[in-house]
Amino acid sequence: VAQRKKDEEFTFFDTMADYDDENELHIPNRIGFGTAAWGDEQRGFMPDVKKLKKKEKRLGKFVKKDCQRVYATLLEGGIKFVDTSPAYGKSLSSRSLSSEHLTGLVTENPSSNMPNELSMVATKFHPTGILKRRPLSTAAAIVRDVEASCERMGVTSIELYQLQSHKYYVGGMNALADGLAEAVNVGLCNHVGVCNMPENKLRIFQEKLEERGITLATHQFEFSLTSNRREGARMIEVCKELGIIPIAHTPLDRGFASGKYNAMDPSGGKFGNPRYKFVVLDRWTPLHEALGKVAERATLRLQVDTTSRMSKSFRDRQKQMQDQQQKKRETEITKCQVAINYIVTKGAVPIPGIKNKQDAEELLGCVGWMLTDEEMEIVENGVERSEAKKQKNSVFFKIRRLKKVDYNVDPY
């Protein structure tokens, strides 16, 4: 059953409280969210607007208040792991509106009935960006940047501090390990992780940290149904072997894996020009059909099965949300939720980017259940058929270019 952590009127649900974690770091419900768009005007953030117009909402615009609503909504539903970076929204850092500034703002005061102690924030260190400002030859540079991140977020310590890249660092991997170890020892962060590190480097770096008495807690890398699937699955196995929590960024592959954008609806249900071309989306039709099939099966299974532990957690979460928010929540599983839960079922922690309350509520629909072996097989068969179709189409176009044949009919 779900573990409840009570604090006054608020009840936090963790349906995976008894999950066998890889190390001391525990991410509730094995789901988090990313804030790459927060503070980024190119990704829809509007710093000088307090209230959006309907047209702006349809275009995916959002404001500071939306970030507050996102975090409060997710925290109420059991998702409190938030991934940020000093590089996200960096252009607005001087106005205290970067991603780290906004993350600190929302976690400091989620809402009136939620304690800020529940916040679980992860940020990153960017060696390449800092090289432009000063030479990095000592581990002290990492400590200085952890302190800077803490200052921007208004905290004294960060739950997880990650290396964005292990390359281009003057001090090499030894200096990186020294810096992370020092950050933990002085209390600036509780855990450390890495991002996008190949297997051989990951093993070496873990050994270097262990020599300094530090545990490598996480490894963040790209993993979705439509991108880096085989490599990501292999990396999950490596992480499990090494006792490292795998975190999957870009889990929906910018919409390709979500089923929201498909050959029948290239615009994702919105007015205006489609986000992706039909010829691109048609390649993934078998996957999108498989996601729809599994979504229907999972919805029926979770509503009917009264014996499954995951089904009970799913219904408990729905009841909790109804009680706390005083409204009926949608219980139908979507294709997007299947795509995210595929990653959870594979053993990784997905962190999709969230920038409005609607997306936050859909992400909450992933909490409390997992895919069965049969459902996983249906999804993976859909991916394989899509990949085969993509390969076939690629061969067709190569032949078409070589023969210089003018085809009037679009093969897609």
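Residues numbered from 1 in each chain as written. Predicted model: local features only at pLDDT ≥ 70, side-chain atom pairs only at ≥ 80, totals over all residues. Heavy atoms only, no water.

A. Structural view of the packing of aromatic side chains. Taken as a whole and assessed by the stated rule, the structure comprises six aromatic pairs. Their ring planes at 85° and their centres at 5.7 Å tell us that tyrosine 261 and tyrosine 276 sit as a pair that is edge-to-face. You can see tyrosine 261 sitting in the loop between strand E9 (245-249) and helix H9 (278-281) and its partner tyrosine 276 sitting in the loop between E9 and H9, a full 15 residues away along the chain. One exposure class covers both tyrosine 261 and tyrosine 276, and it is buried. Ring pairing ties together the aromatic residues Phe33, Trp38 and Tyr71, which thus form one cluster. (Phe/Tyr/Trp six-rings, centres within 6.5 Å; stacked < 30°, edge-to-face > 60°. Helix = DSSP H or I, 4+ residues; strand = E, 2+ residues; numbered from the N terminus. Buried < 20%, exposed > 50% of the residue type's maximum accessible area, 1.4 Å probe, protein only.)

B. Focus on empty space enclosed by the protein. Within this structure, the stated rule accounts for one cavity of 30 Å³ or more. By volume, the largest cavity is sized at about 40 Å³. Every residue lining the largest cavity is listed: Thr15, Met16, Asn29, Ile31, Asn341, Val344, Cys366, Val367, Gly368 and Trp369. Among the residues making up the lining of the largest cavity, the classes are represented as six nonpolar, four polar and no charged. (1 Å grid on protein atoms, 1.4 Å probe; cavity = no way out; pocket = protein on both sides within 12 Å on 5 of 7 lines; lining within 4 Å. Points joined across faces, edges and corners; volume = space filled by probe spheres on them. Nonpolar A, V, L, I, M, F, W, Y, C, P; charged D, E, K, R; others polar.)

C. Structural view of the pattern of salt bridges. The final tally for this structure, using the stated rule, is 20 salt bridges. The salt bridge involving arginine 212 is made with aspartate 178; its shortest N-O contact spans 2.4 Å. One end of the pair, arginine 212, is in the loop between helix H7 (199-211) and strand E8 (216-222); the other, aspartate 178, is in helix H6 (residues 172-185), and 34 residues separate them in sequence. On the basis of relative accessible area, arginine 212 is assigned to the partly exposed category, the value being 25%. Several salt bridges converge on common partners, so that one network encompasses Glu199, Arg203, Arg234, Glu237 and Glu241. (Salt bridge = Lys/Arg side-chain N within 4 Å of Asp/Glu carboxyl O.)

D. Structural detail: the sheet that holds E9. On the basis of which strands lie adjacent, the open sheet formed by eight strands has the order E3-E4-E5-E6-E7-E8-E9-E10 and parallel pairing. Of all the strands in the sheet, just strand E3 (32-34) and strand E10 (349-350) have a single pairing partner and so form its edges. Inspection of the sheet shows E8 paired to E9 by five bridges, in the parallel sense. Residue pairing in the sheet places glutamate 222 in a bridge with histidine 249 of E9. The sheet contacts of H7 involve strand E6 (158-163), strand E7 (189-195) and E8, and relative to E8 the element is tilted by about 155°. (Pairing = 2+ DSSP bridges. Contact = heavy atoms within 4.5 Å. Axes fitted to C-alpha atoms, helices over the stretch in contact; angles between N-to-C directions.)

E. Structural context of a positive patch on the surface. The grouping of Lys51, Lys54, Lys55, Lys57 and Arg58 at the surface amounts to a positive patch. Summarising the element assignment, lysine 55 is placed in helix H1 (residues 54-58). For lysine 55, a relative accessible area of 57% puts it in the exposed group. (Patch = residues over 30% accessible without salt bridge, like charges linked within 9 Å, V, L, I, M, F, W, Y side chains within 5 Å. Areas by Shrake-Rupley, 256 points an atom, 1.4 Å probe, with all protein chains shown as cover. Lys, Arg positive; Asp, Glu negative; His and termini not counted. Charge placed at Lys NZ, Arg CZ, Asp CG, Glu CD.)

F. Broad picture of the pairing of E8. Across the seven residues that make up E8, a large majority, six, are buried. By the bridge criterion, four bridges tie E7 to E8 in an arrangement that is parallel. Paired with cysteine 195 across the strands is glutamine 220, a residue of E8. Between the parallel pair E7 and E8, the chain is carried across by H7, and the sense of this crossover is right-handed. Tracing the backbone out of E8, into helix H8 (residues 229-242) and back to the parallel element E9 gives a crossover that is right-handed. (Right-handed = clockwise from strand over helix to strand, strands pointing away.)

G. Molecular detail of the packing of H6 against H7. Two numbers describe how H6 lies on H7: the axes approach to 9 Å, and their chain directions differ by 50°. For the element pair H6 / H7, the angle class is oblique. Regarding H6 and H7, the two cross each other, and that crossing is right-handed. Contacts between H6 and H7 involve Met173, Asn174, Leu176, Ala177 and Leu180 from the first element and Lys201, Phe205, Lys208 and Leu209 from the second. (Parallel < 35°, antiparallel > 145°, perpendicular 65-115°, else oblique. Left-handed = near helix turned anticlockwise from the far one by under 90°.)

Keep in mind these numbers describe shape, not what the thing actually does.
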